[in-house]
Amino acid sequence: MKVTYNWLKDFVEIKIAPAALAEKLTMAGLEVTALEERGGDFIFEIEVTANRPDYLSVIGIAREVAAITGRKLKIVTTSPRHHVTSKALIIEIEDKKDCPLYTAKIINGVKVGPSPEWLSKRLELVGCRSVNNIVDITNYILFTYGEPLHAFDLDKLVSPLAGYPVIPLEIIVRRARQGEKIITIDGIERLLDENILVIASGLNRRTGEQANRRTDMPIALAGIMGGQDTEVSAVTKNILLEAAIFNPVTIRRGRQKLGLQSESSYRFERGIDAASVTSASAAAAEMMQELAGGICVAQEASGLQKPVKKSLRLDISGVSQTLGVNIPAAKIKSILNSLDFKVKAAAKNTFSVEVPARRSDVNLEIDLVEEIARIYAYGSIPETLPAAPLQAARNGERELVAFIKEALVGLGLNEVITYSLIAESWLNDAAFASAAEPIAILNPLSKEQEILRPALLPSLLRCVAYNLNQKQNYINIFEIAKIFSRANGQVNEELTLGIALCGAKPLLLRGGLVREEASFLHLKGILEILFERLGTRDYQFKADGAAQIGVFAGQQRVGSLRQPQKPALEKFEIKNKDVFLLEISLEKFFSAVNLQKRLVPLAVYPAISRDISLVLQEGIPAEDVLGAIKAQGGPLLREVKIIDYYKGKQIPSGHKSLTVSCVYRSDERTLTETEVNPLQAAVVDALTQKFNAQIR
Amino acid sequence: MPNIDIDAVKAQIDAEIEKINSAPALEDFRIKYLGRKGIVAQLTASIPNLIPHERQAFGQKVNTLKNRIASLVEEKQKTLVEPERQAGAGGVDMGMPGIAQDLGRLHPLTQVIDEICAIFMRMGFSIVEGPEIETEHNNFTGLNIPLEHPSRDVFDTFYLKLASERVSQLTGSTGKLANRQTGKLLLRSHTSPVQIRVMQSRKPPLAVVVPGRVYRPDAVDASHSFMFHQIEGFMVDKNIAFSDLKGVLTILAKAVFGKEIKMRFRPHFFPFTEPSAEVDISCIICKGKGCSVCGRKGWLEILGSGMIHPNVFKNVGYGPKKYTGFAFGMGVERIAMLKYGINDIRLFFENDMRFLKQF
């Protein structure tokens, strides 16, 4: 909403500079988002909140200026000189809910021409193009009073049957019929339906209606925009001036349906003060007489009602309690008075407050408290701290997630945050198949917001591709976010961990640079550390086909490791690179978490450690080798682990070398070599026999 | 008689120790004289072969020699250790890269969320998260936002495409029925629905913060994103006042942006609070003088807040006369952009490693 300094001054005396006024308005809740000096005036751009339609006019803002600067509003009087009630106009409202009030005037003998300079300039300062004196007057009144008006060229309100204007003229406010059309003043043909309220003109049914014939036609989209056929032009002589109130929801639905917003619809949607309809219409008629020589010869109104008085009770001490500052009753009264509220003492400690009709936002006691706080100034309310009882409520899931994130960051992974909405095609592209149905978005703005993602992996692949494009050689990322699915009439959100590794991690060691290519074993290593930190002992990795490995915690499958194949990677524009992905349902996994730590006593007696280096056929799984060692080693063999491996020139092709460390220990005594040596020899024998292993 | 001349030994040790200038050489020296088969051991071993009256004198001599050598070794050790260490440090080129594994980084938005949540937890707030799929009731009507009213316009919302006959049977992740009363399912357009969830399931006193993802169908540009993050907070008890809201939010803003910032609370309108306030801090870039970041105003808007509307209490079954409370909400991206000097919201979701590594 734009207003100018001089325009405001028409209605209230202002003694402070524009910048100071802007500051005062902002701190009273009318935020001035821009202040510009132009053409000897100052333009205030003001953000008017949705609850204050009464601010959508110069007079409305002038009222606020008067309240916050301690002045009185200059009383605006209109004296319509031609008070004619005539039978020339019949207004028919199909449904009073859609149009609680419709008034119209007939103004004869206007001379259409350019507006005087002061008028066109003022309109242009608030961003409204000057058209001609008549249209400019309706706009000027719209901005001044906040009541949208519309001027029709009376002589173009032709009855379809008669083919010429008919008196008495019938104006009908009704819903459009399916398939009706109108060309609006912006030159666009609009197809209408019964969601849209129109103004129609037609034959007086009492004079010439024939059965089953259309007797009227739309001349305007009610409250939104007028029709081109009936707009005021240079040759217009006589005018029908409309001033009405339309149902906010009806206008809102109509403009949403049409995708057509205007200064009028903006105000009707927020609600119009009935009192301004009459005064705006009268003021416009007066201006038309002054600036265009038109005489008001007829007027008619339908739906005019006396405003209902709205009165609220205000608990005086409650004001101070809610705000946390003691405001005396007299101060409360003077603040409310300055805003045109009438205050009476109702009972002990209670005011009865009469609310001005235009204040549709004030309906509860608390609304009065806000008005008081606003004018008293928020800045004058002290800062206190609530006396809240201490609590140590914990959020276990969030703490676990934070714990996991920290562990992953410690392992060098970088957290990413990607969109929860994706294109459905990404699932196919990533060769992601899921039993659960993805959830589609009804109103996406683009294809890339089609569905709620049922997996993190496609988003992570996109993220890898993006970084490869930025010439990053090593990408190690994770995300913890919800994934979504529907199944059995149920929508599900599942907190999920995704990891992606791609490229070679450069490790600068004492011996020089080592490039460490990402692999499934890196994902395994990350998970092992994570599981260890989270006290999950019972977990397993099980191959699920060539490119996928299932991750199990206890008996439950909690996720998988994947290596997308070349065609899938190419869909994401990842070329000549391998990507290793992991996705784990944290919701499933959390049940296997055990954060309770118990000390395992440190060993009292020293251990004896023996390393074996074996050369084995490549196909023999490490797990089998470790299993065989454990089976043979007996109770004194406490720990078996692979501490080195090798593939290469030093050993025959098709073979691998493993170095396994075996740790023997007793809790009762110090073991001797003579005890351990035969045990280890038996282990070596078993390996040679079972796997045909060579000892290096 | 021993075939080692003890006096000759005595004479040569001084010369020998003088030449020693490294730890290994000193160790060789020590072994040569004091080792298990060293010269002192040999001399000691020869004592029984002596005639009795010579034994005592010789023994004393050997002992003196042993002590002397031990103290020489000890002294030499002191002189050797220090220069060696210096030589070692001097020998390393500290211009070479250090050797360590890099840590990963938490996303800057996570860091900001964690920081803000930690501030509130220190004030006794607990953290609650809610589902991202919500009902119309929790997202709008329960919060006193009518479905067909201009006050809803700022909350453009993504709806879910679900067959209408199935909607009536659908349950959200908290098991709340989505039916005629609760309306269609949507992606929450703010974190405020969690107010409804918490208040429906718990009784005051409540002090809760809610971080999370929210969604609005906005075309993506440097300052808009269809997905972003909010932190919601609210406190409900008997006798919570507007001044408490000011106190708590002042602590927050000063903790996040520094003690020296100024604050102002401006009246505003939110359907779910009354009175409502927008909170500005003095511009952290220009210190309030006016710059391009604050649009020459000297102030930056960081928060929306207010006293919880009595209709919201009514909708969750609280007696509005019994309890009062405040609520506030902030955009995490906005705070992070101000804090880190980020001028394009898209950077948060592109996840460029060069971006992530900076935080």
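Residues numbered from 1 in each chain as written. Chains lettered and ligands numbered in written order. Predicted model: local features only at pLDDT ≥ 70, side-chain atom pairs only at ≥ 80, totals over all residues. Heavy atoms only, no water.

A few words on the pairing of strand β31 (residues 655-664) of chain A. All names here are of chain A. Burial within β31 is extensive, with nine of its ten residues counted as buried. Relative to β31, strand β29 (residues 608-617) is paired through ten bridges, and the arrangement is antiparallel. In the strand pairing of β31, Ile-612 is matched with Val-660. Across eight bridges, strand β30 (residues 637-646) lies against β31 in antiparallel orientation. When the sheet's bridge partners are listed, Leu-637 is paired in β31 with Tyr-664. (Buried < 20%, exposed > 50% of the residue type's maximum accessible area, 1.4 Å probe, protein only. Helix = DSSP H or I, 4+ residues; strand = E, 2+ residues; numbered from the N terminus. Pairing = 2+ DSSP bridges.)

Right, let's get into the domain arrangement of chain B. Considered domain by domain, chain B is made up of domain 1 (6-91) and domain 2 (108-131 + 187-356). Between the C-alpha centres of domain 1 of chain B and domain 2 of chain B there is a distance of 77 Å. (Domains from an automatic or database assignment.)

Turning our eyes to something else, we now look at the environment of Phe-228 of chain B. Residue and element names in this part refer to chain B. Relative to the helices and strands, Phe-228 resides in strand β6 (residues 227-237). Separated by twelve residues in sequence, Phe-228 and Arg-216 place their C-alpha atoms 8.4 Å apart. Apart from residues no more than four positions distant in its own chain, Phe-228 is found in contact with Gly-212, Arg-213, Val-214, Arg-216, Glu-333 and Phe-349. (Contact = heavy atoms within 4.5 Å.)

Counting across every chain of the model gives five cavities of 30 Å³ or more. By volume, the largest cavity amounts to about 100 Å³. Lining the largest cavity are 13 residues, and of these Thr-49, Asn-51, Arg-52 and Arg-374 of chain A together with His-268 of chain B lie nearest its centre. The set of elements that each furnish at least two residues to the lining of the largest cavity consists of α12 (365-376) of chain A together with β7 (263-270) of chain B. A per-class count over the lining of the largest cavity returns four nonpolar, four polar and five charged. (1 Å grid on protein atoms, 1.4 Å probe; cavity = no way out; pocket = protein on both sides within 12 Å on 5 of 7 lines; lining within 4 Å. Points joined across faces, edges and corners; volume = space filled by probe spheres on them. Nonpolar A, V, L, I, M, F, W, Y, C, P; charged D, E, K, R; others polar.)

What follows is about the domain arrangement of chain A. Along its sequence, chain A is carved into domain 1 (2-69), domain 2 (89-302), domain 3 (310-379), domain 4 (396-592) and domain 5 (608-695). Put simply, the middle of domain 4 of chain A and the middle of domain 5 of chain A, counted by C-alpha atoms, are 35 Å apart.

By the definition in use, this model includes 28 aromatic pairs over all chains. Taking 5.1 Å as the distance between ring centres and 20° as the angle between the ring planes, the aromatic pair formed by Phe-120 of chain B and Phe-328 of chain B counts as stacked. One end of the pair, Phe-120 of chain B, is in helix α5 (residues 108-122); the other, Phe-328 of chain B, is in strand β10 (residues 324-331), with 208 residues separating them in the sequence. With 6.3 Å between their ring centres and 90° between their planes, Phe-158 of chain B and Phe-226 of chain B make a pair best called edge-to-face. Of the two residues, Phe-158 of chain B sits in the loop between α6 (136-139) and β3 (160-161) while Phe-226 of chain B sits in the loop between β5 (206-215) and β6, which places them 68 residues apart along the sequence. The pair Phe-158 of chain B / Phe-226 of chain B is uniform in exposure class, with both members buried. Through a chain of ring-to-ring contacts, the aromatic side chains of Tyr-419 of chain A together with Phe-158, Phe-226, Tyr-340, Phe-348, Phe-349, Phe-355 and Phe-359 of chain B assemble into a single cluster. Stacked on the ring of Phe-552 of chain A, the Lys or Arg Lys-542 of chain A has its end atom at 4.4 Å from the ring centre. The ring of Tyr-159 of chain B is capped by Lys-184 of chain B, whose NZ or CZ atom sits 5.0 Å from the centre of that ring. (Phe/Tyr/Trp six-rings, centres within 6.5 Å; stacked < 30°, edge-to-face > 60°. Lys NZ or Arg CZ within 6 Å of the ring centre and 35° of its normal.)

Okay, the packing of α5 of chain B against helix α9 (residues 242-257) of chain B next. Helices that pack against each other are described as a pair by the angle of their axes relative to one another and the distance between those axes. All names here are of chain B. In the contact formed by α5 and α9, the axes pass within 10 Å of each other and the chain directions differ by 135°. Overall, the two elements α5 and α9 adopt an arrangement that is oblique. By crossing handedness, the relation of α5 to α9 is classed as right-handed. On the side of α5, the interface is formed by Glu-115, Ile-116, Ile-119 and Phe-120, while α9 contributes Val-248, Leu-252, Ala-255 and Val-256. Grouping the amino acids of the contact of α5 with α9 by side-chain chemistry returns seven nonpolar, no polar and one charged. (Axes fitted to C-alpha atoms, helices over the stretch in contact; angles between N-to-C directions. Parallel < 35°, antiparallel > 145°, perpendicular 65-115°, else oblique. Left-handed = near helix turned anticlockwise from the far one by under 90°.)

Residue and element names in this part refer to chain A. Over its 15 residues, helix α13 (residues 396-410) runs 21 Å from end to end, which matches the ideal 21 Å to within 8%, given 1.5 Å per residue. Within α13, burial applies to Arg-398, Leu-400, Val-401, Ile-404, Lys-405, Ala-407, Leu-408 and Val-409. Positive phi shows up at Gly-412, right after α13, with a value of about 90°. (Expected span 1.5 Å × (residues − 1).)

Right, let's talk about the sheet that holds strand β2 (residues 31-38) of chain A for a bit. Residues and elements named next belong to chain A. Spatially, three strands are ordered β1-β3-β2 in an open sheet, and the strand pairing comes out antiparallel. This sheet does not close on itself; its edge strands, each paired only once, are β1 (2-4) and β2. Here the average twist between neighbouring strands, direction ignored, is 25°. Both β1 and strand β3 (residues 41-47) contribute to a ladder of three bridges, which runs antiparallel. Following the sheet pairing, Lys-2 is matched in β3 by Glu-45. Docked against the sheet, helix α2 (residues 18-27) engages β2 and β3, running at close to 165° with respect to β2.

This next bit is on the environment of Leu-582 of chain A. Residues and elements named next belong to chain A. Turning to its location among the elements, Leu-582 is positioned in strand β28 (residues 579-585). As for Leu-582 and Leu-456, which are separated by 126 residues in sequence, their C-alpha atoms are 9.3 Å apart. Among all residues touching Leu-582, those that are not within four sequence positions of it are Leu-457, Leu-497, Gly-498, Ile-499, Leu-523, Leu-527, Ser-560 and Leu-561.

At the junction of the two partners, chain A supplies 91 residues and chain B supplies 94 residues. Summed over both partners, the interface of chain A with chain B buries about 7900 Å², with 56% contributed by carbon and sulfur atoms. Summed over the three residues of chain A that lose the most area to chain B, namely Tyr-378, Ile-417 and Tyr-419 of chain A, the buried surface amounts to 10% of that side. Taken together, the links from chain A to chain B amount to seven salt bridges. Residue Arg-213 of chain B is joined to Glu-479 of chain A by a salt bridge in which the shortest nitrogen-to-oxygen separation is 2.8 Å. Summed over the shared surface of chain A and chain B, the number is 37 residue pairs in polar contact (both at pLDDT 80 or more). (Buried area = accessible area lost by both parts, 1.4 Å probe. Salt bridge = Lys/Arg side-chain N within 4 Å of Asp/Glu carboxyl O. Polar contact = N/O pair within 3.5 Å; in protein donor to acceptor, adjacent residues only side chain to side chain.)

Once that is clear, we can look at helix α8 (residues 263-270) of chain A. Owing to its 3.6 residues per turn, the α-helix aligns residues three or four sequence positions apart on the same side. Residue and element names in this part refer to chain A. Of all eight residues making up α8, six are buried, and the element is well covered by its neighbours. Among all positions in α8, only Ser-264, Ser-265, Arg-267, Phe-268, Glu-269 and Arg-270 are buried. Summarising the contacts, the buried residues of α8 are in contact with α5 (133-145), β13 (239-245) and α7 (248-258). Following α8 by one or two positions, Gly-271 has its phi on the positive side, about 105°.

Moving on to the sheet that holds strand β17 (residues 350-355) of chain A. Residues and elements named next belong to chain A. Judged by pairing direction, the sheet is antiparallel, and its three strands sit side by side in the order β15-β17-β16 without closing on themselves. Strands at the two margins of the open sheet, each flanked by one partner only, are β15 (310-315) and β16 (342-347). The sheet shows a mean angle of 30° between the axes of neighbouring strands, direction not considered. Note: β16 against β17, five bridges, orientation antiparallel. Across the sheet, the residue bridging to Lys-344 is Ser-352, located in β17.

Residues and elements named next belong to chain A. Tallied over the full model, the rule gives 55 salt bridges over all chains. Among the salt bridges present, the one from Arg-122 reaches Asp-10, with a minimum N-O distance of 2.6 Å. Residue Arg-122 is found in helix α4 (residues 117-125), and its partner Asp-10 is found in the loop between α1 (5-9) and α2; the two are separated by 112 residues along the sequence. Taking the relative accessible area as the measure of exposure, Asp-10 reaches 36% and is therefore partly exposed. One salt bridge in this structure joins Asp-361 and Arg-359, with 2.9 Å as the shortest N-O distance. In this structure, Asp-361 and Arg-359 share a single accessibility class: buried. Each member of the salt-bridge network shares a partner with another, and the members are Arg-52, Asp-54, Glu-64, Arg-359, Asp-361, Glu-371 and Arg-374.

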